[in-house]
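As a plain string of letters, each chain reads:
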Amino acid sequence: MLKNRRCSLNSFFEEYTLDAVLFTDLRNIRYLCGFSGSEGALLVSRDSAWFLCDSRYTAQAAEEVTGAEILECAPIRIDTIVALAHEHQLERIGFEAAHTTVSAFRKLSEKLPGVELVELGANLDEIRICKDSVEIDRLADVATLSSLALASILSEIKPGVREIDIALALELEMRRRGADGKAFDFIVASGVRGAMPHGRASDKIIQSGELVTIDFGALKDGYHSDETVTVACGEPESRAREIHSIVRTAHDLAICAVRPGIGCKELDEVARSYIREKGYGDYFGHGLGHGIGLEVHEMPTLSPRSVTELEEGMVVTIEPGIYLPGFGGVRIEDTVVVTGDGCRVLTSADKQLLVL
Ligand code: ZN
Ligand code: ZN
C-alpha cells in the first residue's frame, strides 16, 4: 500500500527531473512511510527511501516505518542528509516549500553547495488527494465515532446550558469512544452567534427557541472527521425554519451531484445557485467544502475558484450555510467519499431540523 502511495511521486521526479524528494511535513511522512511520531524526515530517491530520526523515535520507527531504511541521526540531521546526498549522487533534491522554514532552507543550502534544491509547491500535497481503501476505512471509522458521540449527548443540548458545556461533553464522549482527540476546536454557536461561521464554543447560555450550530470532528489514527448539525432548542421562529430548510435542500442537492468528473466549482454552484434563487445568496460567504484526511482541511477545495475535478477516492465535506447578521445562522455538513458513480456519506448525524 505504501509502495503504491509512493508511485504518486513519480510525476514529480519526471516533471522536475529530481534525484530525490526530502519530506519534513509529518502528514506527508506518515502517508508515505507510516511513521506517526512528532519529529523526523523522509528522503525518497527514485529507488530507495531513508527515514531519519533521533534516538527518541528509533523504537517507534522500527515498529511503524515500512519501505524505508531507518537512520538514527545525531546530533545534526542535516549532516545525515548531506552524507546520503554524496553517497547516492543526489544532485537535484526537491523539498516541500510550503512546509519548510527559511532558516531550514538556508542551512540545507549551505551544507549542500553542489546540490540543487528544487522548490515543490503546495501541489506536492496532492499526492494525498485521492484516498486508498485503508484511508477510506479510517475516515469512515472516525466519522462514525463522532456521529455516534453527538447522538449520545443530544439530550444535554437544552436551554440554560452553556455552549462550552456542549463542546466539552462532546469531546469527552469522543474520547470515551476511542478518539485520540478532537479534530479541531468545536464550533457551538447559538442564537445570534450562529451568524459567525466560525463561532467557537463560548460561555453563552443557550436560550429557548434559539438555533444551535454544532461543527465537530474527532481525530483517530491520524485521520479526521468533520460534520455540522444545526438544531433548535425549543420551537424556533418561522424564519429559522425557512433558512434551515433552504440550507438542507442545498446540501442534499450538492450530495446528489457528487460524482467523478464534476468540477469542484460546478459542485459549489449547485448549492450556491439554489441558495441564491431563494434570496440568500449574499449570506453564504464561504466555499461549499474541502478535502479531509490526515489534515482537517486539505485538497481539493470546493469553491467558486476551484479548478479541480472530483475523482473516485476523494473525500470531501459538503457544508453550505446561511448566516444572517443580528439573527443567526444555519450550516449543515457531511463528509462524503467519491465512488465510481456518486458518493457514500460517511457522517451520519440526522440532518433534519431537530427540535430539542
Ligand atoms: Zn466542519
Ligand atoms: Zn468542514
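It should be emphasised that the depicted structure is a prediction, and the values quoted were computed from it without experimental measurement.

Student: What exactly am I supposed to notice about the coordination of the zinc ion (ligand 2) here?
Tutor: Reference geometry at the metal: tetrahedral coordination by four donors gives ideal angles of 109.5 degrees; octahedral coordination by six donors gives 90 or 180 degrees. For the zinc ion (ligand 2), the full set of protein donor atoms is Asp226 (OD), His290 (NE2), Glu319 (OE) and Glu333 (OE), and the range of their distances to it is 2.1 to 2.2 Å. One chain supplies every donor to the zinc ion (ligand 2), and in sequence these donors are spaced D-x63-H-x28-E-x13-E. Here the zinc ion (ligand 1) and the zinc ion (ligand 2) are spaced 3.1 Å from one another, each receiving a donor from Asp226. Of the two residues, Asp226 is situated in the loop between strand 11 (223–224) and strand 12 (227–233) and Glu333 in the loop between strand 17 (328–331) and strand 18 (334–338); the sequence distance between them amounts to 107 residues. By relative accessible area, which is 3% here, Asp226 ends up buried.

Student: Help me out: how do you make sense of the pairing of strand 15 (residues 315–318) in this one?
Tutor: Where a strand is regular, its side chains alternate between the two sheet faces. What you see with strand 15 is no split at all: Val315 and Thr317 on one side and Val316 and Ile318 on the other are buried throughout. Here strand 15 pairs with strand 18 via four bridges, running antiparallel. If you follow Ile318 over to strand 18, its bridge partner there is Asp334.

Student: I'm lost on the coordination of the zinc ion (ligand 1) in this one. Help?
Tutor: Taken together, Asp215 (OD), Asp215 (OD), Asp226 (OD) and Glu333 (OE) make up the full set of protein donors to the zinc ion (ligand 1), lying 2.0 to 2.5 Å away. Around the zinc ion (ligand 1), the four donor atoms sit at angles spanning 56 to 150°, and that spread fits a shape best called irregular. Classification of Asp215 as buried rests on a relative accessible area of 5%.

Student: Please clarify how the nonpolar core should be interpreted in this entry.
Tutor: Across soluble globular proteins, nonpolar side chains show a tendency to be buried alongside one another. The biggest cluster of nonpolar side chains holds 34 residues, and the ones touching the most others in it are Leu9, Phe23, Phe35, Leu42 and Phe51. When residues of this core are traced back to their parent elements, those giving at least two are helix 2 (10–15), strand 1 (20–23), helix 3 (26–33), strand 2 (41–45), strand 3 (49–53), strand 6 (116–120) and helix 7 (133–153). Three or more residues apiece are contributed to this core by two domains, here domain 1 (2–128) and domain 2 (133–345). Counting residues in each nonpolar core, the second largest holds 33 residues, with Met314, Leu324, Ile332 and Leu353 among its members.

Student: Looking at this model, I keep getting lost on the sheet that holds strand 8 (residues 187–190). Mind explaining?
Tutor: The strands making up a sheet associate through hydrogen bonds between their backbones, and the pairing can be parallel or antiparallel. One open sheet holds the three strands; their spatial order is 8-9-12, and the pairing between them is antiparallel. Sheet topology places strand 8 and strand 12 at the edges, where each strand pairs with a single neighbour. The average undirected angle you get between the axes of adjacent strands in this sheet is 15°. Of the pairings in the sheet, the one linking strand 8 to strand 9 (residues 210–216) comprises four bridges and is antiparallel in character. For Ile187, the partnering residue across the bridge sits in strand 9 and is Asp215. Strand contacts of helix 7: strand 9 and strand 12, with the helix running at about 150° to strand 9, the strand carrying the most contacts. Across the face of the sheet, helix 8 (residues 163–176) comes into contact with strand 8 and strand 9 while running at roughly 150° to strand 8.

Basis of the calculations
Residues numbered from 1 in each chain as written. Chains lettered and ligands numbered in written order. Predicted model: local features only at pLDDT ≥ 70, side-chain atom pairs only at ≥ 80, totals over all residues. Heavy atoms only, no water. Donors = N, O, S within 2.8 Å, 3.2 Å for Na, K, Ca; no water. Helix = DSSP H or I, 4+ residues; strand = E, 2+ residues; numbered from the N terminus. Buried < 20%, exposed > 50% of the residue type's maximum accessible area, 1.4 Å probe, protein only. Pairing = 2+ DSSP bridges. Tetrahedral: all angles 85-135°; square planar, octahedral: opposite > 155°, others 65-115°. Core = buried A, V, L, I, M, F, W, Y, C linked by side-chain atoms within 4.5 Å. Domains from an automatic or database assignment. Axes fitted to C-alpha atoms, helices over the stretch in contact; angles between N-to-C directions. Contact = heavy atoms within 4.5 Å.

Read these as spatial facts, not as claims about activity.
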